[in-house]
Amino acid sequence: MMKLTLFALLISSISAFMPTGITTSIKSAKYVALNAEKSASLPFMNRPALLDGSMAGDVGFDPLGLSNINDVGIDLYWLREAEIKHARVAMLAVAGILQVEIFGPAPGCEMATNKSQMDAFWQLWNAHPQYIAFALILITIIETISGIAVTSSRPSGSRAPGDFYLDPLGFSKSEPEKFRRLQVQEIKNGRLAMWAASGLLLQGCTTHQGGIEALQSSIQANSF
Ligand SMILES: *[C@@H]1O[C@H](CO)[C@@H](O)[C@H](O)[C@H]1NC(C)=O
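Residues numbered from 1 in each chain as written. Predicted model: local features only at pLDDT ≥ 70, side-chain atom pairs only at ≥ 80, totals over all residues. Heavy atoms only, no water.

Visitor: In this structure, what is going on with the packing of aromatic side chains? I would like to understand it.
Guide: Geometrically, a pair of aromatic rings is defined through the distance of the ring centres and the angle of the planes. Within the structure shown, the criterion is met by two aromatic pairs. For the ring pair Phe-121 and Trp-122, a centre distance of 4.9 Å and an interplane angle of 85 degrees mean the geometry is edge-to-face. Residue classification places Phe-121 among the partly exposed residues on the basis of a relative accessible area of 35%. Note on Trp-122: relative accessible area 48%, which makes it partly exposed. When the centroid spacing of 6.4 Å and the interplanar angle of 85 degrees are considered together, the rings of Trp-122 and Trp-125 count as edge-to-face. Of this pair, Trp-122 and Trp-125 both sit in helix 3 (residues 117–127), three residues apart, which is roughly one turn of that helix. Overall, Trp-125 belongs to the partly exposed group, its relative accessible area being 37%. (Phe/Tyr/Trp six-rings, centres within 6.5 Å; stacked < 30°, edge-to-face > 60°. Buried < 20%, exposed > 50% of the residue type's maximum accessible area, 1.4 Å probe, protein only. Helix = DSSP H or I, 4+ residues; strand = E, 2+ residues; numbered from the N terminus.)

Visitor: Can you help me understand the side chain of Gln-117 in this one?
Guide: Take Gln-117: it is sitting in helix 3. One polar contact links the side chain of Gln-117 to the main-chain carbonyl oxygen of Lys-115, over a distance of 3.1 Å. Contacts of Gln-117, omitting those with residues within four sequence positions, involve Ile-97, Val-100 and Glu-101. (Polar contact = N/O pair within 3.5 Å; in protein donor to acceptor, adjacent residues only side chain to side chain. Contact = heavy atoms within 4.5 Å.)

Visitor: I keep staring at the site of the ligand and nothing clicks. Help me out?
Guide: The ligand sits among Asn-114, Asp-119 and His-208. Residue Asp-119 places a side-chain N or O atom 3.3 Å away from an oxygen atom belonging to the ligand. Protein coverage of the free-state accessible area of the ligand, which is 360 Å², stands at 38%. (Near = heavy atom within 4 Å. Areas by Shrake-Rupley, 256 points an atom, 1.4 Å probe, with all protein chains shown as cover.)

Visitor: Would you take a moment to explain the UniProt feature "binding site: chlorophyll b" (unreviewed entry) in the chain for this structure?
Guide: Listed under "binding site: chlorophyll b" (unreviewed entry) in the UniProt record, and renumbered for this structure, are Arg-88. Structurally, Arg-88 can be placed in helix 2 (residues 76–103). By relative accessible area, which is 27% here, Arg-88 ends up partly exposed. (UniProt positions renumbered as here; feature names shortened; annotations may be inferred.)

Visitor: Sorry if this is basic, but what is going on with empty space enclosed by the protein here?
Guide: Summed over all chains, the structure comprises one cavity of 30 Å³ or more. When its volume is computed, the largest cavity comes out at roughly 30 Å³. Looking at the largest cavity, the residues that line it are Ile-97, Glu-101, Lys-115, Ser-116, Gln-117, Met-118, Leu-200, Gln-203, Gln-209, Gly-210 and Gly-211. If you list the elements that add at least two residues to the lining of the largest cavity, you get helix 2, helix 3 and helix 6 (176–207). For the lining of the largest cavity, the class distribution of residues is three nonpolar, six polar and two charged. (1 Å grid on protein atoms, 1.4 Å probe; cavity = no way out; pocket = protein on both sides within 12 Å on 5 of 7 lines; lining within 4 Å. Points joined across faces, edges and corners; volume = space filled by probe spheres on them. Nonpolar A, V, L, I, M, F, W, Y, C, P; charged D, E, K, R; others polar.)

Visitor: Just checking my understanding: could you explain unusual backbone geometry for this structure?
Guide: For residues besides glycine, phi is generally negative; the peptide bonds are generally trans as well. Although it is not a glycine, Tyr-165 adopts a positive phi angle of roughly 50 degrees. Relative to the helices and strands, Tyr-165 resides in the loop between helix 4 (129–153) and helix 5 (171–174). You can call Tyr-165 exposed: its relative accessible area is 54%. Its identity as a non-glycine residue notwithstanding, His-208 has a phi of 55 degrees, on the positive side.

Visitor: Help me understand the side chain of Asp-75, please; the structure alone is not making it clear to me.
Guide: Residue position: Asp-75 is located in the loop between helix 1 (2–35) and helix 2. Side chain to side chain, Asp-75 and Arg-154 meet in a polar contact 2.6 Å long. Among all residues touching Asp-75, those that are not within four sequence positions of it are Ile-69, Asn-70 and Arg-154.

Visitor: Where do I start with the UniProt feature "binding site: chlorophyll a" (unreviewed entry) in the chain in this structure?
Guide: Residues given the UniProt feature "binding site: chlorophyll a" (unreviewed entry) here are Ser-67, Glu-83, His-86, Glu-186, Asn-189, Arg-191 and Gln-203. The subset of the named residues that lines the largest cavity consists of Gln-203. Here Glu-83 lies in helix 2. The contact partners of Glu-83, leaving out residues within four places of it in the chain, are Ile-187, Arg-191 and Met-194. Checked against the element boundaries, Gln-203 lands in helix 6. If near-sequence neighbours (up to four positions away) are discounted, Gln-203 is found in contact with His-208, Gln-209, Gly-210, Gly-211 and Ala-214.

Here is the structure:
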């Protein structure tokens, strides 16, 4: 009898609390959704949890949720390092591609006359493959040294991704606001350069024209 009473009490308490429990959780879910901070760049989405604005150029843009990856050694730190690295390499690439197209081949590479730098690369490869082999070896050495330095300094937590303590004018200490502004400019220029570099590469491989050459011929063709 006692057991039965307890059982009945249990059932009634469960059924009594269940609807309230559900409504409470729905209410709190609504509450969270209404009050969650929105992404600055995608206001219809919530701000990704890890993109708290501490990184320069962070505008909460992560529709695929890549910032939440934390697996097989890939996490936000790693991705940020990769973003900054791609940004810097792309800025150099765009500057190099345009410089050679405008001012002509660099000294020692006079045979690479093709305006399309994708074809100029193969002209150089055919004439002086050792230049390209040497460049690849140099890149490998730099990558190995910087890769070991970056990986081994990470556990200390003192190094921000992409930071190589390259601050000859000491802005990071004397003018932290200016330093922050420069960091934002760096990553914004870098993101633009990544698009520019992909455009120059794809266009050079398909039309076999230089970037500026292709721009000129499309302006002529469309007679703007
Ligand atoms: C550049 O190289 C491509 C591919 O070999 C070729 O089709 C094109 O005519 C070359 N352009 C010039 C200006 O030499």
